[in-house]
Structure formats: structure tokens, C-alpha cells
Amino acid sequence: MGQYNLDKMFNPKSVAVVGATDRPGTVGWVLGLPAYSSVTAVGKPIDLAVLCIPIAAVPAVIEECGAAGVGSAIIYSAGGKEIGEEGAAVEERIRSAASKSRIRLLGPNCMGLSVGSINLNASFFHAMPQRGRVAFAAQSGAMCSTVLDYGLGERIGFSHFVSVGNSTIDVDFADLIDYFGNDRDVASILLYIEGIRNTRKFLSAARAVSRIKPIIVLKSGRSQAGAAAAQSHTGALAGEDLVYDAAFRRAGIIRVNMLVDLFSCADLLDKQTLPQGPNMAIITVAGGLGVMMADYLAEYGMEPARLRPETIKALDRYCPPLWSHGNPIDVTAAMKFEDIPRLISICADADEIDAISVIFIPNGLFPPASFAELIVSDKVATEKPIFIVLPGGEQAKAGRNRLTESGFPIFSSPESAVRSFRYLYEYQLSLKMLAEVPRPTGAILVDRPAARSMIDSVLGSDRTLLTEFESKALLSSYGIAVNETHVAESPMRAVELARQIGYPVAAKIHSHTITHKSDVGGIRLDLRNADDVIDAFGQIQESVKTRAPGEHFGGVTVQKMVKEKGYEVILGSKLDPDFGPVLVFGMGGVMTEIVQDRAVGLPPLNRLLARRMLDSTKVFKLLKGFRGQPAADLDVLEETLIRLSQLVTDFPEIRELDINPLLATVSGAYAVDARVVVGFSATPAPWHMALSTYPEEFVEELRSGTRGRLLVRPIRPEDGPSLTDFLVELSERSRVGKLVRRFEDFDERFVARLTQIDYDRDMVLVAVTNPDGAGEVVGLARYFGDPDLIEAEVSITIADAWQGQGVGAKLLDLILKAARKRGFKKAWGLCRPQSRDMISLIERQRESEVTPVENGQKMKLLVDLTTYTDH
């Protein structure tokens, strides 16, 4: 239900407690307030009902709340889905009753919520959280209690504190992210997650909000148990926790592994700017702790900044003669502590430094309280984040408290400071990625009918495992290169094929049931003559009988032995039950599961995302060329990943897919072995995906007056440069467009918001001059809607040279149809009174309105999309 009525839950004007009692110590204790026999007996509007009753009674009470016009309700009681079928049936009755009156529900099995700005405590938390700018939500009631107690002790304030409970009926994390993202009182969003019910909805909300507010997640359950039953290498490599990591990275979410880091990151983000790079300066009065900090940086793939000679010379002015003359900047006990702010200032001005840490320990010469006063009174103005590490007990605590009160983020150990630095740096990289323009991919030509025929044929024969020959045929249909492979059902046919291909050749088992060929001795290599081929056929057949009795043996495949040197990598996909298709890339070969060098990503991919997958593996260092060996063709590897991404996007029937190895060479890449597992899918493409896919159904060719043909299509991330050119060349008059508010000053982030959109939420159509869709942008149509799919704001902008050609009216028609198909009920926009083509199109619609606004300077157009007819 999105955001509908959530304001009545988090900003209610009236609250009713159902199940009220005058017994102290109970959940429904109402402290002597007036009581009524029922909700309907109140006789006044009620925004929020807090239900302190057994779950079996909840459906009837929700019906009563609907009759009384209640907007939202909190269900404390347990006993829903978590107890089995009986509880699930109760939840379904609650959902049915609430949906009739559009009542928003939090719970069941939750502890309620509190909102600091209005002093609302609709919970049975043991205390009221301090007021602040952090919104916190958790599935676990125990975690809520723990976090609340920790926050009180550490003086951490909250704008909202929410126990979501089961979140199986209505309000979930996605709803909360959307709501908190639009609340000015919220600076950052903290979530404790055990599992996500609707991953597509969650990632859609997170991708939209993470651009403007940090989302920090502590996700429990990091085990690999879910991968144990996988049939393929890919399934074993892409464990559940790695998939969550990949999803969070794609959405711009910061994932932390410890409770203390949840708040450290939120505190840092509220008080500091993000680091622009990974290079940290370590100023320390304790050499050992400085070395430890450098070690912790190394564990996370970072290192202390390499100081330039001019920086060392500047530090020399204030450091004692025996300081380290490097980084860590160990100033020793001989340091004049009053000069520490000078060192911070020097590091702040050094271009090679992205962040600064200061480690101070209690000592008899300069107590922590004095150090804190020094840092506060002589604060260095800098855009670089500063991490102050002040370990120790009571004496150090006095200094930490003083610094915390003055707005400094404080850490009690080098390790916690480095972890927070890493999280912030990775978040900065995520934000850059969200605004980065990928290189053009070009047209991905595929043969969908051939792929569909192959999958349907296998499923129609009651099989799930494709043979290697079938698997390679499937890959070939999507333009993924494979080595030449033929099936031989007899030794003589194998010899005939070997002669056609040319010696030497390889022979591999051809089977409908055997997954891993090497496990059953099903591979023979470097066969140089007919006798070798005949012997190999018999050896493979005998080995299968011995090692896998009863399994299918259908002969062998004969393949050309690979002569070209290259690097063995693995590409694959598995169908995750929560996130849909998941992609894997890493070091390939028979040792792939032992080496465990892999990157996990979610489709769809573009070149930028594909390159990031490659870059995050150790094998990538080899692929770039190593010790005289030539580099692999990385562009081809990127394209192969993109083609694989498209394949699993188009076919939800693909449950697991391995290309192992894919041989990456200086001239290309091709699959040497492949394995695919399929199954029937109840969810059609593209709704099996966790992320929205490119909506090809909105591609349309049109004619525009005397200027010729145009192609209208949804925008792509790689359209950034051409869209920038389009915006730059617009006249001042055109920037106020035919159906648009004035364009704000645009920069890279603004262009990224237009080009890197979530097609589930928003739509931007561009009109381009080339029929292949890669030409000059001459028109732009967009809608941005609310998550509830009630109203969408529509805008149209046309290049000056293309105005008066009917392009604007056609774009308006297409964008309104796109909004209607997405499910929006209404659309509106503003235009000039002179835009008669726009106004005329809307006036011809039933249930439409054209109203002068801004003293007649503009016209507001409103159209009912439920009755909109095509033009």
C-alpha cells in the first residue's frame, strides 16, 4: 500500500488503545484516561489504534476500526505466521479486514513505535528514546530493547524508533525507507534486518532514498548453509550472505557487521563529510596503536597515505626530532601536545590524504580531558573526516564525553575507527557509482526463439539438466562464444567427428543426469589419433558404470583441444529464492570452490557494473596481464557478463548456470564447458528479478512533421553525455518546457537522476534521431510518481529546432500511456497557455481538467489515467 495513511501512524492527531486496563504493569495500562466500550463508541476521529489484545480477536477489532474510520493500527500480539498454518490463517483474516478500509498495520508480534518530534510513545519499550535525527527500525523486539538501552547510555537520539515485528501483513522496511526518506527530521536510516519479504520493493525504495540519505543495515545470518544443496559451482559460490552484500551494494546501502558500527556510521555521517579516497593519515602518540591501525587498514585492502616530502617537511616544524617521519605519524611522548591541532591542519591541507585519525592515550603529562578541550577549542576547519581514537577507562571517558558533546565522532579502539572509515569510503564509492555514466554497450543481438525452444524442449522431456551440448547451444543463442562441440553416440562417430574437427581433440561424457564430469572420470584430453578416441570413449563409458552406476550415458562430446593460452574463469548464475537471478564471476577451473575467489552481482548489468564485478576479484590482476603474460580482452569479458545477464533476465526457468571454465584470452573469451539447470517458473519475466529491467515495450518509432523519423525509447544510463548536450543547448524559453517546471541547475548528479532511474517507480522517455536509438536527443518526457501509484507528475521538454513538429504531443501521449500501464490513477503537469497541442490533447479526454495557475502564466493539466484513451 506504499505511503498511504502512514502519516496517521507516525504523526497521529489522536490515538486509541484497544484492550485498555487500569492495572499497572500491563501493556494496556492507560494511566486513568477516559475509556470506552468499543472503538465506534469514541465518536471522534482516530488516526492510530494500538491493539493490546490476543491475536485471535484482532480481525474483528480491525473490522470495527474500519467502521470507525481509523487510519492505522499497531498489533502487539504474537501468534501469526511464526506459529504455522493456524497463525497464517489469522493473519490473512487481519489483512482482509484491513484492506477493505485501507487501514495501515504495523506488526503483528511487534513492540510498537515512538516518534521523538511529537513525543509519541505507542510502544511497550522500557524507556522513551532520546530525541534525535536517526530513524531506527528492527524486526527483532530483543534488538529494539538492546539498541534503545545502548542509545540511552551513549546519548544517541532517535527521530523514530520502530519495531516492525513480522511485517508480513502490511508495513515493511520498504515502506519505512520511503517514509523516512521524505521526513526532514530524519538524517539517516538504521535497520536491523533478519530477512526481506519483498526484495524488489525493498531495493526500489533503498535505491531511491540512498542518494539523499544514508541507509545503514545490520543484517543477521551470515552462514553458508543455504549453498550446501546447490548442484553447481555457482550455487556453492553464491551463498545467501554474499547475495545480500551484492544487493545492498547495488542499492547504495552501507552494511555493517557489528551493533556498535551501526551507530558509529550514523554518527559520522551526521557530523562529517565522506572521504574522497582510501588514504588515511594516522597521527598517534602511541606507536603500537598506530601500527595496529595500519594493520587494520591493510586487512580491508587499504593502507596509510604515502606522505609527500612537502608534507613531511611541514610536519617537521611541530614534531619532535625523533618522530617517525612517515605514516603512521608517531610523534612520541616528546610531542608538545598543544601542537596536535597544527598537525591535523597540515594533514587537512595535504592532497595525498583523504581522512585523518588522531590516536591519544591517557598519560600523566596531558590528561584526556585536556586533550579534548584542546581539540574542541582549536578545531580545524576541513572537509576531510577526522576519526579521534581515545582508548581507556574512566580517565579516557571524560575526554570522550567532552568531545561527543562538541560534535566529534569518537572511537575507543583503532579497529572500530578503521571499520567506520571503510564503511564510509565504500558508501562514497556507491554514491559515485550511482552517478557514474557507463560506456555504451551497443546493441545486444540475441535469438530468443532459439533459447525458448531449447528450454521448452528440455522441460517437455521431463528433464531439468541440460547436456553440455544443449547448454552451449543456449549460450550461443545469446552471442556467448563457445568452443566447437559435437555429440557422438558411438566410438566410430567420435572418430569421424575428430577427423572433421582436426586433432588433437577432447572427449567428455554426454549425459542427461551427470552434473560434474570430472567426478565420474568423464573427461579425456589431448587425443591425437583414432585409437586414442576409441580408447577414450570406452574408458569414459566404463568409468561412469563404475563411479555412477545407473546414471545416463549417452555417448561423448568431441571438442577441439584449446591451443590458445589464456586464463580460466567462471561465469554463472543461480536463482535465489529471494533475489531472483544472481550472477557470479571468479577464478575458474576444478579448484574454484576451494579458492573461493568470486564476485556476486545482480542483473541487469551494464559495462560499468560488469567491470566492477571483474575488478573486485583477485583473478582480475592476472587478467590485466601478469609477469609478462598478455592481458585478456576485458571488453569481451564485460560483454559476456552482460549477455549472460540478459539471458537469465529473459528466462526465469534458468535455475543454475555454469560456464567453467570460460577461457579468457588476448583475442576474446569462449566457454570450454557449460552446465545449465532449468525448471518451471510460476513468475514470468521480468518479475522474477529483484531489480527493474529495461522496458523494451515502450520503444516506438514516430514521424515528426518535416524533420523525419525519430525513435522514442526509455532512457539508459549511458545516455548521460547526450542528455547533457541536450540540456546545455536548450534555450531559456525551452527550459521552462511545454509541460515542465523550470529545470534546476543541472550537474552530474542531476543528469544521473534522469538517466539512472528505477523503471518500477519513474520513467524517462527520450526521442533520438537515429532509428538504432543511439542518435542525438531531441525530446524528453518523464514522470515521477509517488510509491502509492496515485499521482504522477509529467513533464515534456523539446529541443528548440524540433518544436512545432508534433513531437511534444506524441511524447505526452506515450508518457501518459506508460504511467497508466504502471498503474497510476492520475497524471498532472504545467504548461504555458500557448501550448495548444498539449492542452487540446488533454481536453479531449474524459475526466480531465485544464486550470489556469500562477495568475494565468501557466496551465495545470490533470488527466484521469483510468479513462485515458490512446492517440
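Here, every reference points to the structure presented above.
Predicted, not measured: the structure shown is a model, and the values here were computed from it. (Residues numbered from 1 in each chain as written. Predicted model: local features only at pLDDT ≥ 70, side-chain atom pairs only at ≥ 80, totals over all residues. Heavy atoms only, no water.)

Undergrad: Summarise the pairing of strand E12 (residues 280-284); cite the residues concerned and give the values.
TA: Across the 5 residues of E12, 5 count as buried, placing the element largely inside the fold. Residue alternation in E12 divides its side chains into two sets, Met280, Ile282 and Thr284 and Ala281 and Ile283, and both sets are buried. The pairing of E12 with strand E14 (residues 355-359) spans 5 bridges and is parallel. The residue of E14 that forms the bridge with Met280 is Ala355. (Buried < 20%, exposed > 50% of the residue type's maximum accessible area, 1.4 Å probe, protein only. Helix = DSSP H or I, 4+ residues; strand = E, 2+ residues; numbered from the N terminus. Pairing = 2+ DSSP bridges.)

Undergrad: Account for the nonpolar core, with residues named and values stated.
TA: Among the nonpolar cores identified, the biggest contains 54 residues, and Tyr783, Leu812, Ile815 and Leu816 are the most heavily contacted of them. Sorting elements by how many residues they give to this core places helix H26 (residues 807-822) first, with 9 residues. Contacts of Leu816, omitting those with residues within four sequence positions, involve Val794, Ala827, Leu841, Ile842, Val863, Leu865 and Tyr868. Ranked by size, the runner-up nonpolar core spans 51 residues in total, among them Ala122, Ala135, Leu203 and Ala247. (Core = buried A, V, L, I, M, F, W, Y, C linked by side-chain atoms within 4.5 Å. Contact = heavy atoms within 4.5 Å.)

Undergrad: An account of the sheet that holds strand E2 (residues 48-51) is requested, with residue identities and associated values reported.
TA: With respect to topology, 4 strands assemble into an open sheet ordered E1-E2-E3-E4, the strand pairing being parallel. Every other strand in the sheet has two partners, leaving strand E1 (15-18) and strand E4 (104-106) as the edge strands with one partner each. Taken over all neighbouring pairs, the strand axes of this sheet differ in orientation by 20° on average, direction set aside. Looking at chain direction, E2 and strand E3 (residues 72-75) are connected through 4 bridges and run parallel. Of the residues in E3, the one forming a bridge with Leu48 is Ser72. Across the face of the sheet, helix H2 (residues 58-68) comes into contact with E1, E2, E3 and E4 while running at roughly 165° to E2. (Axes fitted to C-alpha atoms, helices over the stretch in contact; angles between N-to-C directions.)

Undergrad: Describe the environment of Asp576, naming the residues involved and giving the relevant values.
TA: With respect to the element layout, Asp576 can be found in strand E22 (residues 567-576). On the accessibility criterion, Asp576 (8% relative accessible area) is buried. The sequence separation of Asp576 and Gly181 amounts to 395 residues, and the corresponding C-alpha distance is 28 Å. Side-chain polar atoms of Asp576 contact the backbone nitrogen of Asp578, separated by 2.8 Å. (Polar contact = N/O pair within 3.5 Å; in protein donor to acceptor, adjacent residues only side chain to side chain.)

Undergrad: How would you explain the packing of aromatic side chains if you had to name every residue and give the values?
TA: As enumerated under the stated definition, the model contains 23 aromatic pairs in all. When the centroid spacing of 5.0 Å and the interplanar angle of 80° are considered together, the rings of Tyr76 and Phe124 count as edge-to-face. Here Tyr76 is found in the loop between E3 and helix H3 (85-101), whereas its partner Phe124 is found in the loop between strand E6 (120-123) and strand E7 (131-138), with 48 residues between them in sequence. Looking at Tyr76, the relative accessible area reads 10%, which means it is buried. For Phe124, a relative accessible area of 36% puts it in the partly exposed group. Taken together, the aromatic side chains of Phe125, Phe136, Tyr150, Phe158, Phe161 and Phe263 make up a single cluster linked through ring pairs. Between the NZ or CZ atom of Arg102 and the centre of the ring of Tyr4, over which it lies, the distance is 3.8 Å. (Phe/Tyr/Trp six-rings, centres within 6.5 Å; stacked < 30°, edge-to-face > 60°. Lys NZ or Arg CZ within 6 Å of the ring centre and 35° of its normal.)

Undergrad: How would you summarise helix H14 (residues 394-405) if you had to cite specific residues and measurements?
TA: Between the first and last C-alpha of H14 there are 17 Å, a value that for 12 residues agrees with the 16 Å anticipated at 1.5 Å per step. Here H14 has its buried residues at Ala396, Gly399, Arg400 and Leu403. The buried residues of H14 occupy one face: seen down the axis, they fall within an arc of 100°. Summarising the geometry of H14, the exposed residues directed more than 90 degrees from the buried face are Glu394 and Glu405. (Expected span 1.5 Å × (residues − 1). Arc of directions from axis to C-beta.)

Undergrad: I'd like to hear about the pairing of strand E33 (residues 826-831), residue by residue, with values.
TA: The buried count for E33 comes to 5 of 6 residues, which makes it a mostly enclosed element. Looking at chain direction, strand E32 (residues 791-798) and E33 are connected through 3 bridges and run parallel. Bridge assignment links Glu791 to a residue of E33, and that residue is Lys826. Following the chain from E32 across H26 to the adjacent parallel E33, one finds a crossover that is right-handed. For E33 and strand E35 (residues 858-864), the ladder comprises 6 bridges, and the chain directions are antiparallel. Counterpart to Gly829 in the pairing with E35 is Leu861. (Right-handed = clockwise from strand over helix to strand, strands pointing away.)

Undergrad: I'd like a description of the side chain of Glu352, backed by residues and values.
TA: When you line up the elements, Glu352 lands in the loop between helix H12 (340-349) and E14. Here Thr311 takes part through its side chain, which lies 2.6 Å from a polar atom of the side chain of Glu352. Dropping the residues within four chain positions of it, Glu352 is found in contact with Asn279, Ala305, Arg306, Leu307, Arg308 and Thr311.

Undergrad: Explain the packing of helix H13 (residues 368-377) against H14 residue by residue, including any values.
TA: Working note: a packed helix pair is described by the angle between its axes plus the distance between those axes. Interaxial distance between H13 and H14 falls to 7 Å at its minimum, and their mutual angle equals 20°. By the criterion of interaxial angle, the relationship of H13 to H14 is roughly parallel. Seen from above, H13 lies across H14 with right-handed handedness. On the side of H13, the interface is formed by Pro368, Ala369, Phe371, Ala372, Glu373, Ile375 and Val376, while H14 contributes Gln395, Ala396, Gly399, Arg402 and Leu403. Among the residues making up the contact of H13 with H14, the classes are represented as 8 nonpolar, 2 polar and 2 charged. (Parallel < 35°, antiparallel > 145°, perpendicular 65-115°, else oblique. Left-handed = near helix turned anticlockwise from the far one by under 90°. Nonpolar A, V, L, I, M, F, W, Y, C, P; charged D, E, K, R; others polar.)

Undergrad: Any chance you could break down the environment of Pro549 for me, citing the residues and the numbers?
TA: By the secondary structure assignment, Pro549 is in the loop between helix H19 (530-547) and strand E21 (556-560). Taking the C-alpha atoms as reference, Pro549 lies 79 Å from Tyr318; in sequence the two are 231 residues apart.

Undergrad: If you had to explain unusual backbone geometry to someone new, which residues and values would you point to?
TA: Of note, the amide linkage connecting Asn327 to Pro328 takes the cis form, showing an omega dihedral of 15°. A positive phi angle is found at Thr332, which is not glycine, with a value near 65°. Structurally, the position occupied by Thr332 is in the loop between strand E13 (329-330) and H12. One non-glycine residue with positive phi stands out, namely Asp462, at about 60°. Position of Asp462 among the secondary structure elements: in the loop between helix H16 (448-460) and strand E17 (465-466).

Undergrad: Lay out the sheet that holds strand E20 (residues 523-527) with the relevant residues and their values.
TA: Whether parallel or antiparallel, the strands of a sheet pair through hydrogen bonds between backbone atoms. Read from one edge to the other, the open sheet built from 4 strands follows the order E18-E21-E19-E20, with strand pairing classed as antiparallel. Each end of this open sheet is capped by a strand with a single partner; those strands are strand E18 (485-488) and E20. The sheet shows a mean angle of 25° between the axes of neighbouring strands, taken without regard to direction. Of the pairings in the sheet, the one linking E18 to E21 comprises 4 bridges and is antiparallel in character. Pairing of Thr485 across the sheet is with Gln559, part of E21. The sheet contacts of H19 involve E18, strand E19 (505-509), E20 and E21, and relative to E20 the element is tilted by about 170°.

Undergrad: Can you explain the pattern of salt bridges? Please cite residues and give values.
TA: For the coordinates displayed, the defined rule picks out 43 salt bridges. Between Glu415 and Arg419 there is a salt bridge, and its shortest N-O distance comes to 3.6 Å. Taken together, the residues span about one helical turn, with Glu415 and Arg419 both in helix H15 (residues 414-435) at a distance of 4 residues. Measuring nitrogen to oxygen at the nearest pair gives 3.1 Å for the salt bridge that ties Arg493 to Glu496. Linking Arg493 with Glu496, this pair stays in helix H18 (residues 491-501), spanning 3 residues, or about one helical turn. For Arg493, a relative accessible area of 32% gives the class partly exposed. (Salt bridge = Lys/Arg side-chain N within 4 Å of Asp/Glu carboxyl O.)

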